[in-house]
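The chain contents come next:
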Amino acid sequence: MDIIEALEWRYAVKKFDPNKKIDEDQLDRILRGLQLTPTSMGLQLMKFMVITDRETRKNITPIAFNQKQVEDCSHLIVLCRKKEVAEEDVSSFVKHTAKTREISIESTTMINYEKMLSGSLNLSIEQQQAWMENQVYIALGNLLTLCAAEGIDTCPMEGFDRKKLDDYLNLESEGYNAVVMCPIGFRSKDDKYSSVKKVRRPLDSLIEKK
Ligand SMILES: Cc1cc2nc3c(=O)[nH]c(=O)nc-3n(C[C@H](O)[C@H](O)[C@H](O)COP(=O)(O)O)c2cc1C
């Protein structure tokens with residue numbers, strides 16, 4: 001599919017076919033695409049929990065206000081951000097960058113890089129969380145497009161109780177909070193939303209060309 005065709009084909013699925021599963025190769029491609037999402041300064045202060053286990057997904061349904069997509073999809077992806085940014089996040093990132101690019105960690109370039117990163121993270125907890133959350137949404141957008149290009153259905157979902165999901169998945173104790181979820185899989189033949197026309201603002205009111 002051409003990318004525009006793929007984006008026209010995708011819609012927020014309300015009813016997944018519970019019998020259809022994404023194969024491992026395709027899932028790996030999607031997760032690799034997710035890994036390639038750009039983030040501010042490259043820090044990737046997030047994690048993606050991929051839930052295959054049906055029982056676990058079933059237990060999440062009531063936390064998601066009984067939205068059945070959670071249990072009927074093939075895999076449920078929970079997109080999380082860190083609770084706060086730690087010094088260690090910056091230093092481990094700088095080490096990883098130095099190793100990947102074969103630059104000495106003691107070099108002036110890397111020392112200055114670490115200073116620059118630490119300096120720009122001088123934010124309140126609220127600012128840190130908003131900043132990290134914005135980037136999780138970039139990952140969500142990337143995931144939706146990636147899946148569409150692969151012929152995989154999705155439904156972005158904010159409709160769930162964040163606190164309850166954090167508790168159920170033990171996210172808080174691991175230093176993370178859930179931001180948004182995305183069930184992925186295959187649309188059911190009788191999902192009536194698959195045939196409704198897309199509603200989008202006209203280009204001339206959405207885009208201003210100067
Ligand atoms: C951040 C975000 C959160 C959403 N949360 C939900 C949700 O909890 N449940 C749901 O059924 N749809 C949810 N949607 C789907 C939107 O309602 C849908 O994308 C929008 O109406 C446009 O329709 P389309 O995606 O089918 O083209 C969400 C979409 C986004 C981007």
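In the block above lies the structure referred to throughout.
The sections below set out a description of the structure shown in this document. All of these numbers come straight from a predicted model, not from anything done at the bench. (Residues numbered from 1 in each chain as written. Predicted model: local features only at pLDDT ≥ 70, side-chain atom pairs only at ≥ 80, totals over all residues.)

**Here we look at the pairing of strand 4 (residues 176-185)**
Residues in a regular strand project their side chains so that they alternate between the two faces of the sheet.
Point 1. Where burial is concerned, most of strand 4 is hidden: 10 out of the 10 residues are buried.
Point 2. Strand direction decides the pairing type here: strand 2 (residues 75-82) and strand 4, joined by 8 bridges, are antiparallel. Its bridge partner lying in strand 4, L79 is registered against V180.
Point 3. Here strand 3 (residues 153-154) pairs with strand 4 via 2 bridges, running antiparallel. In the sheet register, D153 faces strand 4, and the bridge partner there is G185. (Buried ≥ 20, exposed ≤ 12 C-beta atoms within 10 Å, placed from the backbone. Helix = DSSP H or I, 4+ residues; strand = E, 2+ residues; numbered from the N terminus. Pairing = 2+ DSSP bridges.)

**Let's talk about the site of the ligand**
Point 1. Contacts to the ligand come from Y11, A12, K14, Q67, C155, P156, M157, E158, G159, V180 and K198.
Point 2. Classifying every residue of the shell around the ligand by side-chain character gives 6 nonpolar, 2 polar and 3 charged. (Near = placed C-beta within 6 Å. Nonpolar A, V, L, I, M, F, W, Y, C, P; charged D, E, K, R; others polar.)

**Re the sheet that holds strand 1 (residues 46-51)**
Point 1. Here we have 4 strands laid out as an open sheet, ordered 1-2-4-3, and antiparallel in their pairing. Bordering the open sheet on either side are strand 1 and strand 3, each of which pairs with just one other strand.

**Section: the packing of helix 2 (residues 24-35) against helix 7 (residues 125-150)**
Point 1. Between helix 2 and helix 7, whose axes approach to 9 Å, the crossing angle comes to 145°. The interaxial crossing formed by helix 2 with helix 7 has right-handed handedness. Between helix 2 and helix 7, the contacting residues are Q26, R29, I30, G33 and L34 on the first element and A139, N142, L143, L146, C147 and E150 on the second.
Point 2. Its residues assigned to classes, the contact of helix 2 with helix 7 shows 6 nonpolar, 3 polar and 2 charged. (Axes fitted to C-alpha atoms, helices over the stretch in contact; angles between N-to-C directions. Left-handed = near helix turned anticlockwise from the far one by under 90°. Contact = placed C-beta atoms within 7 Å.)

**Section: the nonpolar core**
Point 1. Membership of the largest hydrophobic core comes to 41 residues, with the highest contact counts inside it found for L79, M181 and C182.
Point 2. Elements that contribute at least two residues to this core include exactly helix 2, strand 2, helix 7 and strand 4.
Point 3. The dominant element in this core, judged by the number of residues it contributes, is helix 7, at 8 residues.
Point 4. Those residues in contact with C182, other than ones at most four positions away along the chain, are I77, L79, L140, L143, T154, C155, P156 and M157. (Core = buried A, V, L, I, M, F, W, Y, C linked by C-beta atoms within 7 Å.)

**Some details on helix 6 (residues 108-120)**
Point 1. Its 13 residues give helix 6 an end-to-end C-alpha distance of 18 Å, which sits within 8% of 18 Å, the value for a rise of 1.5 Å per residue.
Point 2. Counting buried positions along helix 6 gives 0 out of 13 residues, so the element sits mostly on the surface. (Expected span 1.5 Å × (residues − 1).)

**What to know about the environment of T61**
Point 1. Positionally, T61 belongs in the loop between helix 3 (54-60) and helix 4 (69-72).
Point 2. T61 sits 13 residues away from S74 along the chain, and the two C-alpha atoms are 14 Å apart.
Point 3. The contacts of T61, once residues within four sequence positions are left out, are N66, Q67, K68, V70 and E71.

**Examining the packing of helix 5 (residues 87-100) against helix 6**
Point 1. Put simply, helix 5 and helix 6 touch, their axes get as near as 10 Å, and they point 145° apart. Once helix 5 is placed against helix 6, the crossing between them reads as right-handed. On the side of helix 5, the interface is formed by V90, S91, V94 and A98, while helix 6 contributes M110, Y113, E114, L117 and S118.
Point 2. A class-by-class count of the residues in the contact of helix 5 with helix 6 yields 6 nonpolar, 2 polar and 1 charged.

**Section: the environment of C73**
Point 1. Locating C73 in the fold gives a position in the loop between helix 4 and strand 2.
Point 2. Taking C-alpha positions, C73 is 15 Å from A148, a pair spaced 75 residues apart along the chain.
Point 3. Other than its neighbours up to four places away in sequence, C73 contacts F16, P183, I184 and G185.

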